[in-house]
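# Coordinate analysis (summary)
For reference, the chains in residue letters:
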Amino acid sequence: MKVGVSLEDDKRRSRLIRDEIGYDNLLMMDANQCWDVQEAIDWMKELAIFKPLWIEEPTSPDDVLGHAQIAKVLNPLGIGIATGEHCQNRVVFKQFLQANALQYCQIDCCRLGGVNEIVAVYIMAAKFGVPVCPHAGGVGLCEHVQHLSIFDYICVSGSLENRYLEYAEHLHEHMTYPATVKKGYYLVPKDLGHSTEMQEDSLRDHEYPNGPVWQKLFDEGTFQRE
């Protein structure tokens with residue numbers, strides 16, 4: 001659940017969610033970098049009664065030591081720190097891991113510089129005993145990261161414990177080989193490649209500025225023609 005705009009509303013929504021799912025199911029929270037360090041600590045202390053598994057991006061994604069300070073206070077309350085979707089390279093992840101600043105490593109396969117950089121992060125995370133939970137959603141990102149989690153399970157960790165892979169239901173209709181989720185688990189793709197090929201019709205329809213999708217937006221006045 002998203003948090004960070006109103007503490008009272010966060011409490012209200014957290015209570016509703018826990019009433020619905022109980023305490024045997026997992027609840028994760030995401031602040032989208034909206035707090036400073038002390039604010040993140042104070043806010044999450046108030047939400048600790050709802051027993052979130054983690055707080056995602058509690059502060060600036062570049063503030064390694066800030067995340068470490070937050071983790072030092074929140075970890076004893078049973079709240080882990082999840083971050084990494086805005087980290088650009090293995091060096092930043094190395095610093096996060098060395099500082100014990102994250103307990104869930106959230107790589108973004110499109111932000112990191114290719115497969116080699118991603119593999120380096122997986123290996124470092126394994127060394128520090130930190131599970132990797134890739135960031136997903138968006139156009140083709142679910143299709144891409146499923147391969148990374150499969151690689152992690154087969155070649156690195158050999159475990160699914162504390163490893164979670166995001167999934168968003170929208171936009172898969174534009175992919176040639178859409179990801180498939182059944183009963184909460186990704187099914188292993190049977191097609192070759194990274195599953196990120198887009199359908200030709202979708203590429204044509206969304207081509208800027210001549211595709212029909214853009215033409216409709218121009219005609220409606222949503223955007224101005226150049």
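Notes on the structure in this doc start here. (Residues numbered from 1 in each chain as written. Predicted model: local features only at pLDDT ≥ 70, side-chain atom pairs only at ≥ 80, totals over all residues. Heavy atoms only, no water.)

### Some remarks on the overall build of the chain
We count it as follows: Going along the chain from the N terminus, every DSSP run of H or I of four or more residues is numbered as a helix, and every run of E of two or more is numbered as a strand. Each residue's exposure class comes from its accessible area (1.4 Å probe, protein chains only) as a fraction of the maximum for that residue type: buried when under 20%, exposed when over 50%, partly exposed otherwise. It only takes one pair of heavy atoms within 4.5 Å for two residues to be counted as in contact. For every accessible area listed, the method is Shrake-Rupley and the probe measures 1.4 Å; residues are considered covered only by the protein chains on display. Note that His is not counted, nor are the chain ends; the positive residues are Lys and Arg, and the negative ones are Asp and Glu. Where a charge lies is defined by one atom per residue type: Lys uses NZ, Arg uses CZ, Asp uses CG and Glu uses CD.
Of the regular secondary structure elements, the chain holds eight helices and six strands. Scanning the chain from its N terminus toward the C terminus, one meets helices and strands in the order α-β-α-β-α-β-α-β-α-α-β-β-α-α. Overall size of the chain, expressed as C-alpha extent along the three principal axes, is 55 × 45 × 35 Å. Evaluated residue by residue, the chain yields a buried proportion of 40% over its 226 residues. Considering only contacts in the chain between residues 6 or more positions apart, those separated by 24 or more positions represent 64%. On the chain, roughly 12600 Å² of surface is accessible, and the fraction owed to carbon and sulfur atoms is 53%. Across the chain, the 20 positively charged side chains and the 33 negatively charged ones have centroids separated by 7 Å.

### Remarks on the packing of aromatic side chains
This is how the line gets drawn: Note on ring pairs: Phe, Tyr and Trp rings are taken, using the six-membered ring of Trp, and paired if centres are within 6.5 Å. Classes follow the plane angle, with under 30 degrees stacked, over 60 edge-to-face and the rest tilted.
Within this structure, the stated rule accounts for nine aromatic pairs. Here the aromatic rings of W35 and W43 are separated by 5.3 Å at their centres, their planes lie at 35 degrees, and the arrangement is tilted. For W35, a relative accessible area of 3% corresponds to the buried category. The buried category is assigned to W43, whose relative accessible area is 12%. Here Y167 and Y186 contribute two aromatic rings whose centre-to-centre distance is 5.8 Å and whose plane-to-plane angle is 85 degrees, an arrangement assigned as edge-to-face. One end of the pair, Y167, is in the loop between α6 (141-156) and β5 (181-182); the other, Y186, is in strand β6 (residues 185-186), and 19 residues separate them in sequence. For Y167, a relative accessible area of 35% puts it in the partly exposed group. Among the aromatic residues, ring-to-ring pairing joins Y208, W214, F218 and F223 into one connected group.

### Here we look at the nonpolar core
Spelled out, the test is: The criterion is simple. A nonpolar core is a set of buried Ala, Val, Leu, Ile, Met, Phe, Trp, Tyr and Cys residues joined through side-chain atoms within 4.5 Å.
With 27 residues, the main nonpolar core has F93, F96, C105, I107, I118, V121 and L148 as its most contacted residues. Looking at this core, the elements that each hand over two or more residues are α3 (64-74), α4 (90-98), α5 (115-128) and α6. Among the elements that make up this core, the one with the highest residue count is α5 (five residues). Among all residues touching I107, those that are not within four sequence positions of it are G84, F93, L112, I118, V121, Y122, V132, C133, P134, H135 and L148.

### Examining the side chain of H67
The test is simple: Polar contact criterion, stated in full: a pair of N or O atoms within 3.5 Å, where within protein one must be able to donate a hydrogen and the other to accept it, and residues adjacent in sequence count only if both atoms are side-chain atoms.
By the element assignment, H67 lies in helix α3. Within the structure, the side chain of H67 is placed 2.8 Å from the backbone oxygen of D63, a separation counted as a polar contact. Aside from chain neighbours lying at most four places away, what touches H67 is E57, P58, T59, S60, P61, I81, T83, F96 and A101.

### Structural notes on the sheet that holds strand β2 (residues 54-56)
Defined as follows: When DSSP finds at least two bridges between two strands, those strands are taken to pair.
Ordered by their spatial adjacency, four strands build an open sheet running β1-β2-β3-β4, and the pairing between neighbours is parallel. Of all the strands in the sheet, just β1 (28-30) and β4 (104-105) have a single pairing partner and so form its edges.

### Notes on a nonpolar patch on the surface
The criterion, for reference: Patch definition: residues with relative accessible area over 30% and no salt bridge; like charges joined within 9 Å; nonpolar side chains (Val, Leu, Ile, Met, Phe, Trp, Tyr) joined within 5 Å. For this analysis, a salt bridge means a side-chain nitrogen from Lys or Arg found within 4 Å of a carboxyl oxygen belonging to Asp or Glu.
Where nonpolar side chains cluster on the molecular surface, the patch consists of Y153, I154, L160 and Y185 and spans about 490 Å² of accessible area. Among the structural elements, L160 can be located in the loop between α6 and β5. A relative accessible area of 53% means that L160 is categorised as exposed.

### Concerning the state of the cysteines
Heads up, the condition is: The disulfide definition used here is simple: a pair of cysteine sulfur atoms within 2.5 Å.
Taken as a whole and judged by the stated rule, the model has zero disulfides. The thiol sulfur of C110 is not disulfide-bonded, and the nearest other cysteine sulfur, from C109, lies at 4.1 Å.

### Section: unusual backbone geometry
Excluding glycine, a negative phi dihedral is what most residues carry, and trans is how most peptide bonds are arranged. For the bond running from Y208 to P209, omega is 0 degrees, close enough to zero to count as cis. Note on placement: P209 falls in the loop between α7 (200-205) and α8 (212-220). Even without glycine at this site, K51 takes up a positive phi of about 50 degrees. Using a relative accessible area of 57% as the deciding quantity, one classes K51 as exposed. For L171, which is not glycine, the phi dihedral falls at a positive 80 degrees.

### Some words on the pattern of salt bridges
Within this structure, the stated rule accounts for twelve salt bridges. Among the ionic pairs, R90 bridges to E117, the shortest N-O distance being 2.7 Å. Taken together, the residues span a long stretch of sequence, with R90 in helix α4 and E117 in helix α5 at a distance of 27 residues. For R90, a relative accessible area of 42% puts it in the partly exposed group. With relative accessibility at 12%, the residue E117 sits in the buried group. E220 is the salt-bridge partner of K216, the closest N and O atoms lying 2.4 Å from each other. Residue K216 and its partner E220 are both found in helix α8; the two are separated by four residues, about one turn of the helix. Its relative accessible area of 51% is what places K216 among the exposed residues.

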